[in-house]
Amino acid sequence: MKKTFAALTISSLLALSLVSCSAMAAQKVTPPDTGYTTVQLAQMGQPKSVDWVTVNQIAQQLKGKPPMAVGFDVDDTVLFSSPGFYRGQKEFSPNSLSFLNNQKFWNKMNCGWDKFSIPKKIGRELIAMHQKRGDDIYFITGRDPSKCEITTQYLKNVFGIKNMHKVIFAGTSKTTNTKTPYIKANNIKIYYGDSDTDITAARAAGAVGIRVMRAANSTNRPLAKNGDYGEEVVVNSQY
C-alpha cells in the first residue's frame, strides 16, 4: 500500500482547502485509464498499482488526531440500494434511465423503498471505526430530494448512528459537482464514495476522497474504475 494517506495530518487537510481552485480544475480532467472495475478485480485479484487500504489502516493513520467530520455517499457506498432502483426503472421507464429524472421515482425511493436497501458490511465497519474515534458523520447523496424521506432514520437504525445528521440530498447537475459545497460547508475532512464524482467532489472541497468499491451486481452501470484517480481504495469494500 502506498503511504499517501499515512502521511495525512489535520494541517495538511486544512491546507488542501487553500488549493480548491486547482482541485476544481483537476476535477474536470479525464483520469488515466489505470483503474479497475469490481468485476475485473474479482478476476485478477488486487493489482499493486491500486493504493489499497483497510479499515484498520485508516484507523491507525488517524490515531492521535482529534475528532473530525467525515462524510459518506449513500447508494453503493454504505447501502446496496439496487433493489429500489431496479423497481423504479421497471415501473417508470423500463427501457431507459429516464426514471432518474422522474420525481415520482425519487418520492418512492426516499420515502419508502429504502427499506429494501441492504446495509453494506464495509459501511458498518467504517462507521463503527469513525464513531469509536468520536468523528462527526454526515451522509451526502446525489439523489434528488423529496418532501418526505425515511433514509435518515433508516441509516441511523441500521448503522447505530449516535449523533445523526439529516441526510443531505444534493441532487445532480450536468455542469457542477453538487456534493462539493456540502462537503466544504460541513468542514468534512474525509469523504467515502463509490463514484468518480465522489472522489473529485472531495478533492474540490479540500477533503480526502477514499473509494468504496461498487458491488459487481449493482444496477448502477457502467461500473466505476476503482483507483482511477490514484485515490485509496478500501479492500473488500464491494459488500
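Residues numbered from 1 in each chain as written. Predicted model: local features only at pLDDT ≥ 70, side-chain atom pairs only at ≥ 80, totals over all residues. Heavy atoms only, no water.

The name that an unreviewed UniProt entry assigns to the protein is Class B acid phosphatase, with the source organism given as Photobacterium aquimaris. Quoted verbatim from the Subunit (unreviewed entry) heading of the UniProt record, the comment on the protein is "Homotetramer." The UniProt entry for the protein carries this comment under Sequence similarities (unreviewed entry): "Belongs to the class B bacterial acid phosphatase family." (UniProt positions renumbered as here; feature names shortened; annotations may be inferred.)

Draft legend 1. Looking closely at the side chain of T152. Residue position: T152 is located in helix α8 (residues 151-159). In terms of polar contacts, T152 uses its side chain to reach the backbone amide nitrogen of V167, at 2.9 Å. Those residues in contact with T152 that lie beyond four places of it in its chain are M164, H165, K166 and V167. (Helix = DSSP H or I, 4+ residues; strand = E, 2+ residues; numbered from the N terminus. Polar contact = N/O pair within 3.5 Å; in protein donor to acceptor, adjacent residues only side chain to side chain. Contact = heavy atoms within 4.5 Å.)

Draft legend 2. View of the pattern of salt bridges. For the coordinates displayed, the defined rule picks out 12 salt bridges. A salt bridge links E149 to K166; the nearest nitrogen and oxygen atoms lie 3.4 Å apart. Taken together, the residues E149 in the loop between β5 (136-141) and α8 and K166 in the loop between α8 and β6 (168-169) connect sequence positions 17 residues apart. Residue E149 is classed as partly exposed on the basis of its relative accessible area of 21%. For R214, the salt bridge identified is with D194, shortest N-O distance 2.7 Å. One end of the pair, R214, is in the loop between β8 (208-211) and β9 (232-234); the other, D194, is in the loop between β7 (188-193) and α10 (196-204), and 20 residues separate them in sequence. The class of R214 is buried, set by a relative accessible area of 5%. What makes D194 buried here is its relative accessible area of 1%. Through salt bridges that share partners, D73, K179 and D198 make up one connected network. (Salt bridge = Lys/Arg side-chain N within 4 Å of Asp/Glu carboxyl O. Buried < 20%, exposed > 50% of the residue type's maximum accessible area, 1.4 Å probe, protein only.)

Draft legend 3. Looking closely at the sheet that holds β7. Across the sheet, which stays open at both edges, the seven strands sit in the order β1-β9-β8-β7-β2-β5-β6 with parallel pairing between neighbours. The outermost strands of the open sheet, each flanked by one partner alone, are β1 (51-53) and β6. Judged from the three bridges that link them, β1 and β9 form a sheet pairing that is parallel. Pairing of W52 across the sheet is with V233, part of β9. (Pairing = 2+ DSSP bridges.)

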